[in-house]
Amino acid sequence: MSLSDEQVSAIAELARLSVPRDALRGLAQELSAILDFVAQMNAVDTSGVEPMAHPQDVPQRLRPDEVTETIDRARYQAVAPAVSHGLYLVPRVIE
Amino acid sequence: MQWEPVIGLEIHAQLSTRSKIFSGAPTAYGAEPNTQASLIDLGFPGVLPVLNEAAVRLAVRFGLAIGATVARRSIFARKNYFYPDLPKGYQISQYEAPVVVGGSLTIHPEGGESRRIGITRAHLEEDAGKSLHEDFQGMTGIDLNRAGTPLLEIVSEPEMHSAREAVAYMRALHVLVRYLRICDGNMQEGSFRCDANVSVRPKGEAAFGTRTEIKNLNSFRFVERAIQYEIERQIDVLEGGGTVVQETRLYDPDRDETRPMRTKEEANDYRYFPDPDLLPLVVPEAMVEAERQALPELPEARKARFVEDYGLKPADAMQLAFDRDTADYYEAVARVCGDARLAANWVNVELAAALNREGLDVACSPVSAERLGGLLARIADGTISGKIAKQVFEKMWTEGTEADVIIEREGLRQITDTGALEALVEEVIAANPKQVEQYRAGKGKLLGFFVGQVMKATQGKANPAQVNQLLKKRLDE
């Protein structure tokens, strides 16, 4: 399996990573190697084996529906670059 | 060419829990910005989600009510995308293995045949926050109070063929989720929102046309108008020789049209994968059993019973049965007064008007079901007329008193003493010789005039049927 530079660009775009053009080839090779490794595992016949979503065979623990958190907004917002009237401010996004 | 629209709806119902789906933060609506968002909802590093038991229980209840399969095992997945109101960079949702699979819902389209619409699936997920685009010096404000609020996304089969059917489906679902008390259904507050997938195809063709998705429709009227617009737009495009582009569109109610959403990403690629922070959800058998036992009689069944057992017209039965509090109230009134149809009429007309006038829910009615039943019992046993009962009802509403107390205090008992009524009949006849002459000359309509005169003389306390009978007898002599 070998990824093209365009595919790597698209993946980087989806992950919001800025990848310089001259780094694309190297990344494509490394990612392709990972895919080759997965392809090896894919070659094993697993028909009849139930797919696993998690390595531990334990069900999700459920939490009672109770309010247990106290919200310290000022403290949580101390790390935000910009806040106003209790809102986080971000560069304008328009739909 | 004849075109057939094909519509499927995705409805997001906010589940009525006290705390968030993966954190112990509160879910109260309308709080100060970011005062309902914990470190988990904010996506701080190192935090772990823990699933809310009530969210699972409400999803199970929904599944049982639509005759679906409640999955023994389901899986949470990450839906990855970047947007400022999604702090983690992914939404926790369910993808390949949802908690509710299959089921169906009966719809009643206006002026059309009732029919069943298939439901593909319903899955649990968390809501995102809210972006506010105005007033922040060229910046966007983010309120994450809503982030992590539990949602049930209910996906229909693409089985509706008109905007009217789509709206009927949305209404039926709205009735059901409120009836089950799993969602408050408040559309202004965003508790019940709809995305519509719309395509058209030549009538008779099996393959689907290219679809568009209309996002975030938050009223029944907008759903109907947006879908209608979109159907017509797609037909115009196809008949003009063009092709429909698969895209997401937004409905603009002011201009009554849909427009493509401006997005930078060409194709959505959410790269779903199982969330490693959450183990598979195994719904406890005891929970399913408890919910099955506690499932109330559902709106459709209740409506059918009202028609069957009480002899109500289907439209009246629907109005009563489709709201759980109203249905409970109605049945209590009917039990107390012993006349189910009289009770239906009063609850649907007089009580509904009074509640509406004051903007009250039936659960907060100043006249309790027992008291309204007591009033109607006095109509049923002939103590008062329906007209007087309306006066008594107004007084009960404002004073909070029982009907019998008001009837006695105001001397409103109906005059049923034949002798007294006959005397009044004589008086009225004597006082109106001209009308008597006209009546006897063949102007039968004047009987109403005489009845009116007698009723007036008794301040409405006579039994109109009895007066009618006495007058007729005397005048036709």
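Residues numbered from 1 in each chain as written. Chains lettered and ligands numbered in written order. Predicted model: local features only at pLDDT ≥ 70, side-chain atom pairs only at ≥ 80, totals over all residues. Heavy atoms only, no water.

1. Things to note about the overall build of chain B
Line of reasoning, step 1. Across its full length, chain B holds 15 helices and 18 strands.
Line of reasoning, step 2. On C-alpha atoms alone, chain B measures out to a radius of gyration of 30 Å, which is more than a quarter above the 23 Å that the 2.2 N^0.38 rule sets for 477 residues.
Line of reasoning, step 3. Dimensions of chain B, computed from C-alpha atoms along their principal axes, come out at roughly 95 × 55 × 50 Å.
Line of reasoning, step 4. Summarising the internal contacts of chain B: among those between residues at least 6 apart in sequence, 68% fall at separations of at least 24.
Line of reasoning, step 5. Carbon together with sulfur atoms contributes 49% to the accessible area of chain B, which is approximately 22,300 Å² in total.
Line of reasoning, step 6. Treating the 57 positive side-chain charges of chain B as one cloud and the 70 negative ones as another, the clouds have centres 3 Å apart. (Helix = DSSP H or I, 4+ residues; strand = E, 2+ residues; numbered from the N terminus. Rg over C-alpha atoms; globule rule 2.2 N^0.38 Å. Contact = heavy atoms within 4.5 Å. Areas by Shrake-Rupley, 256 points an atom, 1.4 Å probe, with all protein chains shown as cover. Lys, Arg positive; Asp, Glu negative; His and termini not counted. Charge placed at Lys NZ, Arg CZ, Asp CG, Glu CD.)

2. Topic: the overall build of chain A
Line of reasoning, step 1. For chain A, the helix and strand inventory stands at three helices and three strands.
Line of reasoning, step 2. If you list the helices and strands of chain A from N to C, you get α-α-β-α-β-β.
Line of reasoning, step 3. In summary, chain A has a C-alpha radius of gyration of 22 Å against a globular reference of 12 Å for 95 residues, an excess of more than 25%.
Line of reasoning, step 4. Classification of the 95 residues of chain A by burial places 23% in the buried group. (Buried < 20%, exposed > 50% of the residue type's maximum accessible area, 1.4 Å probe, protein only.)

3. A few points about the interface of chain A and chain B
Line of reasoning, step 1. Of the residues lining the interface, 38 residues belong to chain A; the matching set on chain B comes to 56 residues.
Line of reasoning, step 2. Taken together, the two surfaces of chain A and chain B that pack against each other cover about 4,200 Å², and 60% of this comes from carbon and sulfur.
Line of reasoning, step 3. The partner of Glu50 of chain A in a salt bridge is Arg73 of chain B, with the nearest N and O atoms 3.5 Å apart.
Line of reasoning, step 4. Counting every contact that joins chain A to chain B gives 20 residue pairs in polar contact (both at pLDDT 80 or more). (Buried area = accessible area lost by both parts, 1.4 Å probe. Salt bridge = Lys/Arg side-chain N within 4 Å of Asp/Glu carboxyl O. Polar contact = N/O pair within 3.5 Å; in protein donor to acceptor, adjacent residues only side chain to side chain.)

4. Digging into the domain arrangement of chain B
Many structure descriptions define interface size as the accessible area lost when the parts assemble.
Line of reasoning, step 1. Taken domain by domain, chain B holds domain 1 (3-287), domain 2 (297-410) and domain 3 (418-475).
Line of reasoning, step 2. A separation of 32 Å is found between the C-alpha centroids of domain 2 of chain B and domain 3 of chain B. (Domains from an automatic or database assignment.)

5. A closer look at the sheet that holds strand E6 (residues 90-94) of chain B
All names here are of chain B.
Line of reasoning, step 1. The three strands lie next to each other as E6-E5-E17, forming an open sheet whose pairing is antiparallel. Every other strand in the sheet has two partners, leaving E6 and strand E17 (273-274) as the edge strands with one partner each.
Line of reasoning, step 2. Both strand E5 (residues 76-80) and E17 contribute to a ladder of two bridges, which runs antiparallel. Within the sheet, the bridge partner assigned to Arg78 lies in E17 and is Phe273. (Pairing = 2+ DSSP bridges.)

6. Here's the deal with the packing of helix H10 (residues 386-399) of chain B against helix H11 (residues 403-410) of chain B
Residues and elements named next belong to chain B.
Line of reasoning, step 1. Running from N to C, H10 and H11 cross one another at 115 degrees; their axes reach a closest spacing of 10 Å. In this structure, H10 crosses over H11, and the sense of that crossing is right-handed. Mapping the contact onto sequence places Val392, Lys395, Met396 and Glu399 in H10 and Ala403, Ile406, Ile407, Arg409 and Glu410 in H11.
Line of reasoning, step 2. Classifying every residue of the contact of H10 with H11 gives five nonpolar, no polar and four charged. (Axes fitted to C-alpha atoms, helices over the stretch in contact; angles between N-to-C directions. Left-handed = near helix turned anticlockwise from the far one by under 90°. Nonpolar A, V, L, I, M, F, W, Y, C, P; charged D, E, K, R; others polar.)

7. Considering the sheet that holds strand E11 (residues 139-143) of chain B
Line of reasoning, step 1. Strand order in the open sheet made by the four strands is E2(A)-E3(A)-E11(B)-E10(B), with antiparallel pairing throughout. Across the chains shown, the open sheet's two edge strands, defined by having one partner strand only, are strand E2 (83-84) of chain A together with strand E10 (130-132) of chain B.
Line of reasoning, step 2. Bridge analysis of strand E3 (residues 87-91) of chain A against E11 of chain B gives four bridges, and the strand direction is antiparallel. Bridge assignment links Val90 of chain A to a residue of E11 of chain B, and that residue is Thr140 of chain B.

8. Some thoughts on helix H5 (residues 299-310) of chain B
Residues and elements named next belong to chain B.
Line of reasoning, step 1. The end-to-end C-alpha distance of H5 is 16 Å, a good match for the 16 Å that twelve residues give at a rise of 1.5 Å each.
Line of reasoning, step 2. For H5, the complete set of buried residues consists of Pro299, Arg302, Lys303 and Phe306. Buried residues in H5, looked at end-on, bunch into an arc of 105 degrees, giving them a common side. Opposite the buried face of H5, at more than 90 degrees from it, the exposed residues are Glu308 and Asp309. (Expected span 1.5 Å × (residues − 1). Arc of directions from axis to C-beta.)

9. Concerning a nonpolar patch on the surface
Line of reasoning, step 1. There is a patch of nonpolar side chains on the surface, built from Ile34, Phe37, Val38 and Met41 of chain A and spanning about 380 Å² of accessible area.
Line of reasoning, step 2. Summarising the element assignment, Ile34 of chain A is placed in helix H2 (residues 24-42). (Patch = residues over 30% accessible without salt bridge, like charges linked within 9 Å, V, L, I, M, F, W, Y side chains within 5 Å.)

10. Observations regarding the pairing of strand E14 (residues 212-217) of chain B
Residues and elements named next belong to chain B.
Line of reasoning, step 1. Two strands pair when backbone bridges link them, and strand E13 (residues 192-202) and E14 are joined in this way by four bridges, in the antiparallel orientation. Looking across to E14, one finds that Val198 is bridged to Thr212.
Line of reasoning, step 2. Here three bridges tie E14 to strand E15 (residues 248-252), and the two strands are oriented parallel to one another. When the sheet's bridge partners are listed, Lys215 is paired in E15 with Leu250.
Line of reasoning, step 3. Handedness of the β-α-β unit built from E14, helix H3 (residues 220-239) and E15 comes out left-handed. (Right-handed = clockwise from strand over helix to strand, strands pointing away.)

11. Observations regarding the environment of Pro253 of chain B
Residue and element names in this part refer to chain B.
Line of reasoning, step 1. Position of Pro253 relative to the elements: it lies in the loop between E15 and strand E16 (257-260).
Line of reasoning, step 2. Along the primary structure Pro253 and Arg225 are separated by 28 residues, whereas in three dimensions their C-alpha atoms are 8.4 Å apart.
Line of reasoning, step 3. When neighbours within four sequence positions are excluded, Pro253 is seen to be in contact with Phe222 and Arg225.

12. Brief notes about the nonpolar core
The tendency in soluble globular proteins is for nonpolar side chains to be buried side by side.
All names here are of chain B.
Line of reasoning, step 1. By size, the foremost hydrophobic cluster in this structure holds 68 residues, and its most contacted members are Leu9, Phe62, Leu124, Tyr169 and Ile227.
Line of reasoning, step 2. It is helix H2 (residues 163-179) that provides the largest number of residues to this core, a total of ten residues.
Line of reasoning, step 3. For Leu9, the residues in contact, after removing those within four places along its chain, are Ile154, Val155, Ser156, Met160, Ala166, Tyr169, Met170, Cys194, Asp195, Ala196 and Ile227.
Line of reasoning, step 4. Listed in part, the 42 residues of the second largest apolar core include Ala317, Tyr330, Ala369 and Ile388. (Core = buried A, V, L, I, M, F, W, Y, C linked by side-chain atoms within 4.5 Å.)

13. A word on the confidence of the model for chain A
Line of reasoning, step 1. Mean pLDDT over chain A stands at 91; residues scoring 70 or higher make up 98%.
Line of reasoning, step 2. Predicted confidence in chain A is weakest over helix H1 (residues 5-14) of chain A, with a mean pLDDT of 90, and strongest over strand E1 (residues 62-63) of chain A, with 97. (pLDDT = per-residue confidence, 0-100.)

14. Some points on the side chain of Ser385 of chain B
Residues and elements named next belong to chain B.
Line of reasoning, step 1. Positionally, Ser385 belongs in the loop between helix H9 (369-380) and H10.
Line of reasoning, step 2. In this structure the side chain of Ser385 is engaged in a polar contact, spanning 3.2 Å, whose partner is the backbone nitrogen of Ile388.
Line of reasoning, step 3. For Ser385, the residues in contact, after removing those within four places along its chain, are Ile379, Gln414 and Gly460.

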